[in-house]
Amino acid sequence: MRQANIAVLVSGGGTNLQALLDAEKAGTLVSGKIVLVISDKADAYALTRAKNAGVRTETVLKRDFPEKAAFEARLVELLTEAKTDLIILAGFMRILSADFTSRYPNRILNVHPALIPSFCGEGFYGLKVHEAALKKGVKVTGATVHFVNEIPDGGEIILQKAVDVLPGDTPEILQRRVMEQAEWILLPKAAELVSRELTEEQ
Ligand code: GAR
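Procedures and definitions
Residues numbered from 1 in each chain as written. Predicted model: local features only at pLDDT ≥ 70, side-chain atom pairs only at ≥ 80, totals over all residues. Heavy atoms only, no water. Near = heavy atom within 4 Å. Polar contact = N/O pair within 3.5 Å; in protein donor to acceptor, adjacent residues only side chain to side chain. Areas by Shrake-Rupley, 256 points an atom, 1.4 Å probe, with all protein chains shown as cover. Helix = DSSP H or I, 4+ residues; strand = E, 2+ residues; numbered from the N terminus. Nonpolar A, V, L, I, M, F, W, Y, C, P; charged D, E, K, R; others polar. Phe/Tyr/Trp six-rings, centres within 6.5 Å; stacked < 30°, edge-to-face > 60°. Buried < 20%, exposed > 50% of the residue type's maximum accessible area, 1.4 Å probe, protein only. Lys NZ or Arg CZ within 6 Å of the ring centre and 35° of its normal.

Asks: For this particular structure, what's the right way to read the site of the ligand?
Replies: As a structural note, the neighbourhood of the ligand is formed by 15 residues, with Gly 14, Thr 15, Asn 16, Gly 126 and Glu 183 the closest of them. Contacts to the ligand include Thr 15, whose side-chain N or O atom sits 2.6 Å from an oxygen atom. Protein chains bury 93% of the 450 Å² of accessible surface belonging to the ligand in isolation. For the shell around the ligand, the secondary structure elements donating two or more residues are α1 (15-26), β5 (108-112) and α6 (171-201). By residue class, the composition of the shell around the ligand is six nonpolar, eight polar and one charged.

Asks: What should I look at first to understand the packing of aromatic side chains in this one?
Replies: The final tally for this structure, using the stated rule, is one aromatic pair. When the centroid spacing of 5.2 Å and the interplanar angle of 50° are considered together, the rings of Phe 100 and Tyr 104 count as tilted. Judged by relative accessible area, which is 1%, Phe 100 ranks as buried. Assessed through its relative accessible area of 12%, Tyr 104 is described here as buried. We note Arg 94 situated over the ring of Phe 71; from NZ or CZ to the ring centre the distance is 4.0 Å.

Purely geometric stuff here, so don't read any function into it on its own.
Spelled out as structure tokens, the structure:
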């Protein structure tokens, strides 16, 4: 069976990347194979996770590509070279232009640490999302996996899962609970669902 070639874009710790790598190892992600990990940060621990799993890594840094168009052109070059079928944004902290996203309709997934349409869009990333949720006083938050289009966090929703906010939560505690109870489960599941659809199409 042909597998979809998956490229994962990261910027940080890479726990979501780890969930994908673990799913591959466990045989729950079978329709897709992670062939490339690209980071826009040289010191992202996600790169170490990829190397430990024997996955090819590349960095595309802002200092080397200060212009967004050149930065994205380099991404496209690497993605094309790796024959990428599916791109997964797993804690990738840069917003991609419409020019980039329109090249890959229904072929870019993102995991967002809230129940979209709450706490999403430009400026809502990482811990800031959980800070905003706590400030608002919501009792339930969660995570969303969605397709990426030209609107930040605006593409079609694929999977969502709710997570309770508990008394005494800090942004860090809530972030961890949302990751454990939602993100690390949803992202590999969505990766398998979409990879299967892509490979069945062919
Ligand atoms: C995750 O919580 C992810 O949902 C979030 O950043 C964290 C990255 O953690 N992404 C966004 O906020 C994107 N808008 P990780 O590097 O350990 O996977």
